[in-house]
Amino acid sequence: MSTAKTLNLHQRVAKAMEKVTYIQKDAKQGMRYTIVSHDAVTAKVRPALLEVGVIYYPVSMTWNQDGNRTELQLDVRFVNIDNPSEYFD
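To keep things clear, this report deals only with the structure shown in the data block. (Residues numbered from 1 in each chain as written. Predicted model: local features only at pLDDT ≥ 70, side-chain atom pairs only at ≥ 80, totals over all residues. Heavy atoms only, no water.)

**Points about the overall build of the protein**
- Each helix and strand counted, the protein has 3 helices and 3 strands in total.
- Expressed as a percentage of the 89 residues in the protein, the buried residues total 20%.
- In the protein, the proportion of contacts linking residues at least 24 apart, taken out of those at least 6 apart, comes to 37%.
- In the structure as shown, the protein presents an accessible area of about 6900 Å², 54% of it carried by carbon and sulfur atoms.
- Taking the average place of the 11 positive charges on the side chains of the protein and the average place of its 10 negative ones, the gap between the two points comes to 6 Å. (Helix = DSSP H or I, 4+ residues; strand = E, 2+ residues; numbered from the N terminus. Buried < 20%, exposed > 50% of the residue type's maximum accessible area, 1.4 Å probe, protein only. Contact = heavy atoms within 4.5 Å. Areas by Shrake-Rupley, 256 points an atom, 1.4 Å probe, with all protein chains shown as cover. Lys, Arg positive; Asp, Glu negative; His and termini not counted. Charge placed at Lys NZ, Arg CZ, Asp CG, Glu CD.)

Listed below in C-alpha coordinates is the structure:
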(Lines give C-alpha, C1' and ligand atoms only; values in the text may rest on other atoms or scores of the structure.)
Protein backbone atom coordinates (compact mmCIF):
# COMPACT_ATOMS: atom_id res chain seq x y z
CA MET A 1 0.00 0.00 0.00
CA SER A 2 1.39 3.39 -0.94
CA THR A 3 1.84 6.17 1.57
CA ALA A 4 -0.88 8.23 -0.15
CA LYS A 5 -3.44 5.52 0.58
CA THR A 6 -2.72 5.74 4.31
CA LEU A 7 -3.41 9.49 4.51
CA ASN A 8 -6.76 10.67 5.79
CA LEU A 9 -8.71 13.33 3.92
CA HIS A 10 -7.38 16.26 5.94
CA GLN A 11 -3.80 15.09 5.43
CA ARG A 12 -4.44 14.76 1.69
CA VAL A 13 -5.82 18.29 1.48
CA ALA A 14 -2.80 19.56 3.41
CA LYS A 15 -0.50 17.82 0.88
CA ALA A 16 -2.41 19.46 -1.97
CA MET A 17 -2.10 22.85 -0.25
CA GLU A 18 1.69 22.39 -0.16
CA LYS A 19 1.64 22.03 -3.95
CA VAL A 20 -0.58 25.02 -4.78
CA THR A 21 1.26 28.31 -4.89
CA TYR A 22 -0.17 31.81 -4.88
CA ILE A 23 -2.81 32.35 -7.54
CA GLN A 24 -2.39 35.72 -9.22
CA LYS A 25 -5.38 37.95 -9.88
CA ASP A 26 -5.68 37.89 -13.62
CA ALA A 27 -9.01 38.96 -15.06
CA LYS A 28 -11.10 42.08 -15.13
CA GLN A 29 -14.09 40.89 -17.16
CA GLY A 30 -15.75 44.30 -17.29
CA MET A 31 -15.09 45.18 -13.64
CA ARG A 32 -13.14 48.06 -12.14
CA TYR A 33 -10.94 45.66 -10.21
CA THR A 34 -9.01 42.48 -10.89
CA ILE A 35 -10.16 39.05 -9.77
CA VAL A 36 -8.86 35.53 -9.50
CA SER A 37 -10.74 33.69 -12.22
CA HIS A 38 -12.36 30.29 -11.83
CA ASP A 39 -10.07 28.98 -14.58
CA ALA A 40 -6.93 30.15 -12.75
CA VAL A 41 -8.02 28.44 -9.52
CA THR A 42 -9.06 25.23 -11.27
CA ALA A 43 -5.80 25.06 -13.24
CA LYS A 44 -3.77 24.98 -10.02
CA VAL A 45 -6.04 23.27 -7.50
CA ARG A 46 -7.55 20.39 -9.48
CA PRO A 47 -4.25 18.69 -10.47
CA ALA A 48 -2.92 18.96 -6.89
CA LEU A 49 -6.07 17.40 -5.42
CA LEU A 50 -6.14 14.58 -7.98
CA GLU A 51 -2.47 13.83 -7.31
CA VAL A 52 -3.21 13.22 -3.61
CA GLY A 53 -6.44 11.30 -4.26
CA VAL A 54 -9.15 13.86 -3.54
CA ILE A 55 -12.13 14.58 -5.75
CA TYR A 56 -14.74 17.29 -5.32
CA TYR A 57 -18.20 17.99 -6.66
CA PRO A 58 -21.18 20.21 -5.84
CA VAL A 59 -23.83 18.75 -3.53
CA SER A 60 -26.27 21.67 -3.32
CA MET A 61 -26.79 25.13 -4.71
CA THR A 62 -29.10 27.99 -3.81
CA TRP A 63 -29.22 31.41 -5.41
CA ASN A 64 -30.99 34.71 -5.00
CA GLN A 65 -31.39 37.49 -7.55
CA ASP A 66 -31.65 41.04 -6.19
CA GLY A 67 -31.74 43.47 -9.12
CA ASN A 68 -28.47 43.05 -11.01
CA ARG A 69 -26.82 41.28 -8.08
CA THR A 70 -26.84 37.49 -7.90
CA GLU A 71 -25.90 35.70 -4.69
CA LEU A 72 -25.00 32.04 -4.89
CA GLN A 73 -24.32 29.50 -2.18
CA LEU A 74 -22.63 26.37 -3.44
CA ASP A 75 -21.83 23.47 -1.14
CA VAL A 76 -18.95 21.35 -2.39
CA ARG A 77 -18.03 17.88 -1.16
CA PHE A 78 -14.37 16.79 -0.95
CA VAL A 79 -13.93 13.00 -0.94
CA ASN A 80 -11.02 10.65 -0.24
CA ILE A 81 -11.03 8.44 -3.35
CA ASP A 82 -9.53 5.49 -1.43
CA ASN A 83 -12.24 5.72 1.24
CA PRO A 84 -15.36 7.38 -0.22
CA SER A 85 -17.13 7.33 3.15
CA GLU A 86 -14.55 9.91 4.28
CA TYR A 87 -15.61 13.35 3.08
CA PHE A 88 -16.41 16.87 4.17
CA ASP A 89 -18.64 19.56 2.69
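Having seen the structure, we can now continue with the description.
**Considerations on the sheet that holds strand β3 (residues 87-88)**
- Reading across from one edge, β1-β2-β3 is the order of the 3 strands in this open sheet, with antiparallel pairing throughout. The strands lining the two open edges of the sheet, one partner per strand, are β1 (54-66) and β3.
- Pairing analysis gives 2 bridges linking strand β2 (residues 69-80) to β3, with the strands arranged antiparallel. Each bridged residue has a counterpart across the sheet, and for Phe78 the counterpart in β3 is Phe88.
- Relative to the sheet, helix α3 (residues 38-51) contacts β1 and β2, its axis offset from that of β1 by approximately 145°. (Pairing = 2+ DSSP bridges. Axes fitted to C-alpha atoms, helices over the stretch in contact; angles between N-to-C directions.)

**Some points on the pairing of β1**
- Note that β1 and β2 share 12 bridges and pair antiparallel. In the sheet register, Met61 faces β2, and the bridge partner there is Leu74.
- Once β1 ends, the chain turns through 2 residues before running back antiparallel as β2, passing Gly67 with a positive phi of about 65°.

**Topic: a nonpolar patch on the surface**
- Residues Leu50, Ile55, Tyr57, Val59 and Ile81 make up a contiguous nonpolar surface patch of roughly 390 Å² in combined accessible area.
- Per-element tally for the nonpolar patch: the top contributor is β1, with 3 residues.
- Its location among the elements puts Ile55 in strand β1.
- For Ile55, a relative accessible area of 35% translates into the label partly exposed. (Patch = residues over 30% accessible without salt bridge, like charges linked within 9 Å, V, L, I, M, F, W, Y side chains within 5 Å. Salt bridge = Lys/Arg side-chain N within 4 Å of Asp/Glu carboxyl O.)

**Structural notes on the nonpolar core**
- Of all hydrophobic cores here, the largest spans 7 residues; its members are Leu9, Val13, Ala16, Ala48, Leu49, Val52 and Val54.
- When residues in this core are grouped by element, the largest group, 3 residues, is from helix α2 (residues 9-19).
- The residues contacting Leu49, other than those within four sequence positions of it, are Ala16, Val54, Tyr56 and Phe78. (Core = buried A, V, L, I, M, F, W, Y, C linked by side-chain atoms within 4.5 Å.)

**Focus on α2**
- Listing the buried residues of α2 in full gives Leu9, Arg12, Val13 and Ala16. The buried residues of α2 all sit within an arc of 100° when viewed along its axis, so they share a single face. For α2, the exposed residues lying more than 90 degrees away from the buried face are His10, Met17 and Glu18.
- The opening residue of α2 is Asn8, an N-cap whose side-chain oxygen sits 3.0 Å from the backbone nitrogen of His10. (Arc of directions from axis to C-beta. Polar contact = N/O pair within 3.5 Å; in protein donor to acceptor, adjacent residues only side chain to side chain.)

Functional significance is not addressed by these values, which are geometric in nature.
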